[in-house]
Amino acid sequence: MYLIGASGHGKVIAEILENNGATISGVFDDDPARQQLLDYPVLGPFDAAKYPKDKQVIISIGNNRIRKKKARELDTSFGTAIHPSANISARSRVGEGSVIMAGVSINCNSVIGKHNILNTNCSIDHDCVLGDFVHVSPNAALAGNVRIGEGTQIGIGACVIQGLIIGKWVTIGAGTVVITDVPDHAVIVGNPGRIIKYNQAVPDTL
Ligand SMILES: CC(=O)SCCNC(=O)CCNC(=O)[C@H](O)C(C)(C)COP(=O)(O)OP(=O)(O)OC[C@H]1O[C@@H](n2cnc3c(N)ncnc32)[C@H](O)[C@@H]1OP(=O)(O)O
């Protein structure tokens, strides 16, 4: 597996892969200041043409927009990293490029999009549908039948009641209690959650 992104998020993914007995064949980052990720030297920017195509890639970048931009740029196949302690229903699906941290639960009939981050101990209940490039932060919880649009971040410890539709490129603040649908690009905080502003729109062509 190749990792693109040598930040703290990359460390967590590297450890998951190690736990699973996978081989990390290279770690890459565009930032020349990043020289090392755990025991792995950072090999500079990733150039897909230079590396064998038989190995898969995970984009280990926490920022949803940057992760999407990188995914669009790369003509390669993407792997997943799923911590052995994650509890994933056999009736749910996890898209390519997604990473599932320790203690995550995904209950039945849920669909997790591509390049998602399901962070430590988050809980995705039955029949949820998450778009691509979503990040559900540590200890956040989605009740049943929740839909999340592309690029949205659910903040640490936030919760979303059942049946809601959360738009794309939304930010749900830490600890927010979401009890109504949320429109695209909204930033919402508090209990009950209220919109405080809107994120800059992200073009579909990003
Ligand atoms: C492994 C990992 O590290 S995963 C990363 C997990 N990280 C997160 O979940 C972070 C989530 N981010 C937040 O909660 C942020 O506070 C955001 C994105 C909601 C807002 O950040 P900013 O855009 O910088 O807004 P800012 O800090 O200026 O706050 C704006 C107002 O909202 C309030 N506010 C911000 N966040 C919250 C929150 N989570 N709950 C309640 N109120 C909040 C602020 O107090 C401020 O109120 P005021 O205008 O009355 O002073």
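Note that the structure is a prediction, hence the values are computed from the model and not measured. Position labels on residues start from 1 in each chain and follow its written sequence. In keeping with the predicted nature of the model, local features appear solely for residues at pLDDT of at least 70, side-chain atom pairs appear and are counted solely at 80 or more, and the whole-chain, interface and lining totals rest on all residues. Calculated side-chain values reflect all of the structure's heavy atoms, with hydrogen atoms and water omitted.

## Thoughts on the overall build of the protein
Then step 1. Counting from the N terminus, the helices are DSSP H or I runs at least four residues long and the strands are E runs at least two residues long. The helix and strand inventory of the protein stands at 2 helices and 24 strands.
Then step 2. Only C-alpha atoms enter the radius of gyration, while the globule expectation follows 2.2 Å times N to the 0.38, with N the number of residues. In terms of overall dimensions, the protein is globule-like: its C-alpha atoms have a radius of gyration of 17 Å, near the 17 Å expected for 206 residues.
Then step 3. With respect to the three principal axes, the spread of C-alpha positions in the protein is 50 × 35 × 25 Å.
Then step 4. For the exposure calls, accessible area comes from a 1.4 Å probe over protein chains only, and a residue counts as buried if that area is under 20% of its type's maximum, exposed if over 50%, partly exposed in between. Counting across all 206 residues of the protein, residues that qualify as buried make up 47%.
Then step 5. Counting contacts in the protein only where the partners sit at least 6 residues apart, residues at least 24 apart contribute 24% of the total.
Then step 6. Split by element, the accessible area of the protein, about 9,400 Å² in all, is 49% carbon and sulfur.
Then step 7. Charged side chains in the protein number 18 positive and 18 negative. The centres of these two groups are separated by 4 Å. Here, residues are in contact when the closest pair of their heavy atoms is within 4.5 Å. Calculation of accessible area relied on Shrake-Rupley with a 1.4 Å probe; when residues are assessed, cover is drawn exclusively from the protein chains displayed. Counted as positive: Lys and Arg. Counted as negative: Asp and Glu. His and the chain ends are not counted at all. Taken as the charge location is NZ of Lys, CZ of Arg, CG of Asp or CD of Glu.

## Considerations on the environment of Lys68
Then step 1. Summarising the element assignment, Lys68 is placed in helix H2 (residues 64-73).
Then step 2. Taking the C-alpha atoms as reference points, Lys68 and His115, 47 residues apart in sequence, are found 7.9 Å from one another.
Then step 3. When sequence neighbours within four positions are dropped, the list of residues in contact with Lys68 reads Phe133, Glu150, Trp169, Pro203, Asp204 and Leu206.

## As for the site of the ligand
Then step 1. Neighbouring residues of the ligand: 14 residues in total, closest Gly155, Ile156, Gly173, Ala174 and Lys197.
Then step 2. We define a polar contact as two N or O atoms separated by no more than 3.5 Å, with the added condition that, inside protein, one atom must be a possible hydrogen donor and the other a possible acceptor, whereas residues neighbouring each other in sequence contribute only through side-chain atom pairs. Residue Ala174 places a main-chain N or O atom 2.8 Å away from an oxygen atom belonging to the ligand.
Then step 3. Measuring from an oxygen atom of the ligand, one finds a side-chain N or O atom of Lys197 at 2.5 Å.
Then step 4. When the free accessible area of the ligand is taken as 980 Å², the share hidden by the protein chains comes to 40%.
Then step 5. Residues are grouped as follows: nonpolar covers Ala, Val, Leu, Ile, Met, Phe, Trp, Tyr, Cys and Pro; charged covers Asp, Glu, Lys and Arg; every other residue, Gly included, is treated as polar. Grouping the constituent residues of the shell around the ligand by class yields 5 nonpolar, 8 polar and 1 charged. Here a residue is considered near a molecule or strand provided that any single heavy atom belonging to it is located within 4 Å of it.

## A word on the nonpolar core
Then step 1. Within the largest apolar cluster, 27 residues are counted, with the highest numbers of intra-cluster contacts made by Leu118, Ile124, Leu130, Val136, Leu142, Ile166 and Ile172.
Then step 2. Beyond its immediate sequence surroundings of up to four residues, Leu130 is in contact with Val111, Ile112, Gly113, Asn116, Leu118, Ile124, Val136, Leu142 and Ile148.
Then step 3. We define a nonpolar core as any set of buried Ala, Val, Leu, Ile, Met, Phe, Trp, Tyr and Cys residues linked to one another through side-chain atoms lying within 4.5 Å. Counting 17 residues, the second largest nonpolar core, distinct from the first, contains Leu3, Ile16, Ile58 and Ala81.

## Quick notes on unusual backbone geometry
Then step 1. Of note, the amide linkage connecting Asn191 to Pro192 takes the cis form, showing an omega dihedral of 0°.
Then step 2. At His115, a residue that is not glycine, the phi angle is positive and equals roughly 55°.
Then step 3. Along the polypeptide, His115 turns up in the loop between strand S11 (111-112) and strand S12 (117-118).
Then step 4. Phi at Asn121 takes a positive value of approximately 60°, unusual for a residue other than glycine.
Then step 5. You can see Asn121 is positioned in the loop between S12 and strand S13 (123-124).

## Considering the UniProt feature "domain: PglD N-terminal" (unreviewed entry) in the protein
Then step 1. UniProt positions are given in the numbering used here, feature names are shortened, and annotations may be inferred rather than shown by experiment. When the UniProt feature table is mapped onto this chain, "domain: PglD N-terminal" (unreviewed entry) is found at residues 2-74.
Then step 2. Between the C-alpha atoms that bound residues 2-74 the distance is 12 Å, and the span itself is 30% helix and 18% strand.

## Here we look at the sheet that holds strand S19 (residues 159-160)
Then step 1. Strands are treated as partners if at least two bridges between them are detected by DSSP. Strand order across the open sheet formed by 6 strands is S7-S10-S13-S16-S19-S22, with parallel pairing between neighbours. Two strands bound the open sheet, and with one partner strand each, they are strand S7 (87-88) and strand S22 (177-178).
Then step 2. Across 2 bridges, S19 lies against S22 in parallel orientation. Within S22, the position partnered with Cys159 by the bridge is Val177.

## Considerations on the sheet that holds strand S2 (residues 26-28)
Then step 1. Sheet architecture is open: 3 strands sit in the order S2-S1-S5, paired in parallel fashion. Whereas interior strands pair on both sides, the edge strands pair on one side only; in this sheet they are S2 and strand S5 (57-59). Shown here is a sheet whose adjacent strand axes are inclined to one another by a mean of 15°, direction ignored.
Then step 2. Sheet analysis places strand S1 (residues 2-4) next to S5, joined by 3 bridges and oriented parallel. From the neighbouring strand, Leu3 faces S5, where its bridge partner is Ile58. Note on method: axes are straight lines fitted to C-alpha atoms, helices fitted across the in-contact stretch only, with angles between N-to-C directions ranging 0 to 180 degrees.

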